[in-house]
Amino acid sequence: MVIQVKNVNKSFKQEDGDILHVLDNINLDIKDREFICLLGPSGCGKTTLLRIIAGLDEPDSGEVNDSAGLIKGPSRDRGFIFQQYSLFPWMTVLDNVVFGLNMCYPDKKEENLESAKRYLQRVGLEDFQNSYPYQLSGGMKQRVAIIRSLLNHTPVQLMDEPFSALDMQTRHTLQEQLIGVWKRFDTTIVFVTHDVDEAVFLADKVVVMDKNPGRVKDIVSIDLERPRKRESTEFLKIQEEVMESLGVHDME
Ligand SMILES: Nc1ncnc2c1ncn2[C@@H]1O[C@H](COP(=O)(O)OP(=O)(O)OP(=O)(O)O)[C@@H](O)[C@H]1O
Ligand SMILES: [Mg+2]
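Residues numbered from 1 in each chain as written. Chains lettered and ligands numbered in written order. Predicted model: local features only at pLDDT ≥ 70, side-chain atom pairs only at ≥ 80, totals over all residues. Heavy atoms only, no water.

Participant: What exactly am I supposed to notice about the sheet that holds strand 5 (residues 69-70) here?
Facilitator: Strand pairing within a sheet occurs via backbone hydrogen bonds; the two strands may be parallel or antiparallel. The sheet built from four strands is open, its strands ordered 2-1-4-5 with antiparallel pairing. The strands lining the two open edges of the sheet, one partner per strand, are strand 2 (19-30) and strand 5. Taken together, the five bridges between strand 1 (residues 3-13) and strand 4 (residues 61-66) define a ladder with antiparallel strand orientation. Its bridge partner lying in strand 4, I3 is registered against D66. Taken strand by strand, helix 1 (residues 46-54) contacts strand 1, strand 2 and strand 4, and its axis lies near 125° from that of strand 1. (Pairing = 2+ DSSP bridges. Helix = DSSP H or I, 4+ residues; strand = E, 2+ residues; numbered from the N terminus. Contact = heavy atoms within 4.5 Å. Axes fitted to C-alpha atoms, helices over the stretch in contact; angles between N-to-C directions.)

Participant: Got a minute to help me understand the packing of helix 2 (residues 93-104) against helix 3 (residues 109-122) in this structure?
Facilitator: Angle between the axes and distance between the axes are the two parameters that describe a pair of packed helices. Axis separation between helix 2 and helix 3 bottoms out at 9 Å; the angle between their running directions is 130°. What the angle tells us is that helix 2 and helix 3 run oblique. As for the relative orientation of helix 2 and helix 3, their crossing is right-handed in sense. Of the residues in helix 3, those touching helix 2 at V93, L94, V97, V98, L101 and N102 are K109, N112, L113, S115, A116, K117 and L120. (Parallel < 35°, antiparallel > 145°, perpendicular 65-115°, else oblique. Left-handed = near helix turned anticlockwise from the far one by under 90°.)

Participant: Looking at this structure, I do not really get the pairing of strand 8 (residues 188-193). What am I missing?
Facilitator: In summary, the side chains of a regular strand alternate between the two faces of the sheet. In terms of burial, strand 8 is a largely internal element, six of the six residues being buried. Residues of strand 8 alternate between two faces, with T188, V190 and V192 on one and I189, F191 and T193 on the opposite face, all of them buried. As paired elements, strand 3 (residues 35-39) and strand 8 share five bridges and run parallel to each other. Bridge pairing in strand 8 links C37 to F191. As defined by bridge partners, strand 7 (residues 156-160) adjoins strand 8 across five bridges and the pair is classed as parallel. (Buried < 20%, exposed > 50% of the residue type's maximum accessible area, 1.4 Å probe, protein only.)

Participant: Got a minute to help me understand the site of ligand 1 in this structure?
Facilitator: Residues in close proximity to ligand 1 total 14 residues, the closest being S42, G43, K46, T47 and T48. Q14 has a polar side-chain atom sitting 3.4 Å from a nitrogen atom of ligand 1. The contact in question runs from an oxygen atom of ligand 1 to an N or O atom on the backbone of G43, over 2.9 Å. Those elements that place two or more of their residues in the shell around ligand 1 are strand 2 and helix 1. The biggest single contributor to the shell around ligand 1 is helix 1, with three residues. Taken together, the residues of the shell around ligand 1 break down into five nonpolar, seven polar and two charged. (Near = heavy atom within 4 Å. Polar contact = N/O pair within 3.5 Å; in protein donor to acceptor, adjacent residues only side chain to side chain. Nonpolar A, V, L, I, M, F, W, Y, C, P; charged D, E, K, R; others polar.)

In short, geometric facts, not functional conclusions.
Following this line, the structure appears as structure tokens:
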């Protein structure tokens, strides 16, 4: 197991002075190379939990451990992709991708450049390597951010609704590409979404969360072969199961 979340609680003080109990005794085991989706309604604490796993926030009680022990702060072993595109606007696409690699492998500048170019080509961005982020569409920017993060070979990727702002077609393409990259790099991924279809398409395990306070309500394992077919009976059946455990009427 790579990450173990144990009895994690987190509250925030609101502006009116009230205390909001956001995460209530969260327990979760994440195995090496697993693709986990955290699924739940807006405000159930998905981002808060992801930030705690990243080491960007501390729990009030409980702990998160990885194979190196207690997580006390951010680490290069855990990449974080935010919902907003986290590209440097003043750098070209190629420089954005190479930047992270050069940070990790400063002695391999030539090789870094070559891998960056190769991967940009794989996701169809070879003609945009000298463009700046403002010249790209949302889907293209997100592809660059994902390549940049995955190329660092971080063993764990934490992704906070990276595709939520995209149109359905782009979203589906990126989901397929993400599965491809996840397999190629043997990464462990924790992916936040509030989209049932996305969770069932991507995950080995869907962690269904409840809100007020945020709890783990159910964990649904998905044993379907990849690439998954959305129209297949098994896919629809699992989707139904996840929706039921979520209580669809609770979703915003
Ligand atoms: N730093 C903070 N200070 C005060 N309250 C916070 C803070 N961060 C989060 N919260 C509150 O905690 C709750 C959970 O927030 P969180 O962002 O984790 O939810 P979420 O599940 O990611 O929601 P969404 O799907 O909308 O992104 C919300 O009510 C939010 O207002
Ligand atoms: Mg969130």
